[in-house]
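# Report on the structure
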Amino acid sequence: MLDVKLTELIDVATLQEIQDGFARLTGMAALITDEKGEAVTEGSNFTDFCMNYTRKSKMGCARCEQCDKSGGEQTMQTGKAVAYYCHAGLVDFAAPIMVNGEFIGSIIGGQVLTEEPREKKFIKIAQDLNINPSEYVKALKKVKIIEKEKIDAAADFLFIIAKILSETAYSSYLANNMDSGAANLSYSVIRKLKESENTARKAAKDMTELLATFENIEKIADESANEVTKASETVKNIQNVASNTKILGFNASIEASRAKESGRGFSVIAQEIRTLAESSKISADSIENAMKSITSYSNDMSSQMAFTANIITKCCDELKVISDMLGKLHDAAISSSDEEETY
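Quantities reported herein were computed from a predicted structural model and do not represent experimental measurements. (Residues numbered from 1 in each chain as written. Predicted model: local features only at pLDDT ≥ 70, side-chain atom pairs only at ≥ 80, totals over all residues. Heavy atoms only, no water.)

## Thoughts on the environment of Lys5
Condition: Each helix is a run of DSSP H or I of at least 4 residues and each strand a run of E of at least 2, with the numbering of both proceeding from the N terminus. The rule is simple: take the accessible area with a 1.4 Å probe, protein chains only, and divide by the maximum for that residue type; under 20% is buried, over 50% is exposed, in between is partly exposed. Under this definition, polar contacts are N or O atom pairs within 3.5 Å; protein pairs additionally need one hydrogen-donor-capable and one acceptor-capable atom, and for neighbouring residues in sequence, both atoms have to be side-chain atoms.
Topologically, Lys5 is positioned in the segment before helix 1 (6-9). Residue classification places Lys5 among the partly exposed positions, given a relative accessible area of 37%. On a C-alpha basis, the gap between Lys5 and Gly105 in space is 8.6 Å, while along the polypeptide they are 100 residues apart. Of note is the side chain of Lys5, whose polar atom sits 3.1 Å from the side chain of Glu35.

Right under this line is the structure:
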């Protein structure tokens, strides 16, 4: 068994930065734990439900730590990200951080629901944990409800991050166990790690831009929705006009059949029809303008989506560069180790 801790291989500040980036990008909570299930970072994007209620309970905190450990063990056994329900009824998922085939920690995400919660169930949990049930349910209503497909996608992304952390930890482990006489190799390792760090920071910056872009898209979508609502109201107005016009037309036919030389009744009705026709024209113009606005917003959304796609592509390329760098570092360390043994 490896006698090494996660924080001895990767500093806490780096772990915290990666964890915070994941939480910002997905909108979910995140935490990194050691092999015992104990937290090594500060929780990111934790819900009030978990942070200010469940974990404030002595029994609740102990159960949370046990769930974190159990989630890590599950994902270690399967070798991939695993989604599960925590003791408090929320959905979590975890991915393992490994070194040379041994589990040294896990990165955990979640604190969400997949459907509307049954309050009776959570009232019972609150009573078991000696928490005020009404306050617990109030905090529960703030928990995000996310589709299972999106949770699975976030879990897969978490697994990719955990894999990169595992490769980084393994490279650090090899570097820490190299003979002090391998000065040239040590210099190469430090240089490659620095390159990896710079690339990772660039990826984190691009992910921040990605988040801002999605927020802009959301704003544009809201404005488009408002324009559609206005158009819908105008359409209803036109429908009412059409209905009234039909009735007036019917009345005009009756009056025309009764009219004699004066035809005054028909003249009045005809005037009303012209007025309604003009109203229809104004409403139609209003719809046309609204549709133009919708088209403009749609074009803006398309442009923003294209920009987002470029950012995502850049992030993927940069993560690949990190992986390649760590792979070269791994090969260099292995080669040096073999040479030392031969010597």
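## What about helix 2 (residues 12-26)?
Our working rule: Multiply 1.5 Å by the residue count of a helix minus one, and that product is the helix's expected span.
Compared with an ideal rise of 1.5 Å per residue, which puts 15 residues at 21 Å, helix 2 spans 21 Å between its outermost C-alpha atoms and is within 8% of the ideal. Within helix 2, the full set of buried residues consists of Leu15, Gln16, Gln19, Gly21, Phe22 and Ala23. One side-chain oxygen at the N-terminal end of helix 2 lies 3.2 Å from the backbone nitrogen of Ala13; it belongs to Asp11. One or two positions beyond helix 2, positive phi appears at Gly27, with a value near 75°.

## Regarding empty space enclosed by the protein
Note the cut-off: Method remark: on a 1 Å grid restricted to protein atoms, a set of points is classed as a cavity if a 1.4 Å probe fits but cannot get out and as a pocket if it is open with protein on both sides within 12 Å along at least five of seven lines; lining residues have an atom within 4 Å of a point. Grid points are joined across faces, edges and corners, and a volume is the space filled by probe spheres set on the points. Each residue gets one of three labels, nonpolar for Ala, Val, Leu, Ile, Met, Phe, Trp, Tyr, Cys and Pro, charged for Asp, Glu, Lys and Arg, and polar for the others, Gly among them.
For the structure on display, the rule yields one cavity of 30 Å³ or more. A volume near 170 Å³ is recorded for the largest cavity. Taken together, the elements giving at least two residues each to the lining of the largest cavity come down to strand 1 (29-34), helix 4 (58-78) and strand 4 (102-112). Counting residues per element, the lining of the largest cavity draws most heavily on strand 4, at four residues. Partitioning the lining of the largest cavity into residue classes produces eleven nonpolar, four polar and three charged.

## Observations regarding the sheet that holds strand 2 (residues 82-85)
Put simply, the rule reads: Note on pairing: DSSP must find at least two bridges between two strands before they are called paired. Only the stretch in contact is used when a helix axis is fitted, and all axes are lines through C-alpha atoms; the angle between N-to-C directions ranges over 0 to 180 degrees. Contacts are assigned to residue pairs that have any heavy atoms within 4.5 Å of one another.
Reading across from one edge, 1-4-3-2 is the order of the four strands in this open sheet, with antiparallel pairing throughout. Lying at the two open borders of the sheet, with one neighbouring strand each, are strand 1 and strand 2. The average undirected angle you get between the axes of adjacent strands in this sheet is 25°. Strand direction decides the pairing type here: strand 1 and strand 4, joined by six bridges, are antiparallel. Within strand 4, the residue paired with Ala30 across the bridge is Gly109. Along the sheet, helix 2 makes contact with strand 1, strand 3 (91-99) and strand 4, crossing strand 1 at roughly 150°.

## Digging into unusual backbone geometry
You will see that Asn45, though not glycine, has its phi angle at about 60°, which is positive. Among the secondary structure elements, Asn45 is positioned in the loop between strand 1 and helix 3 (48-54). Phi angles above zero are rare outside glycine, and Gln111 is one such case at about 60°. Judged by relative accessible area, Gln111 falls into the buried class, the value being 8%.

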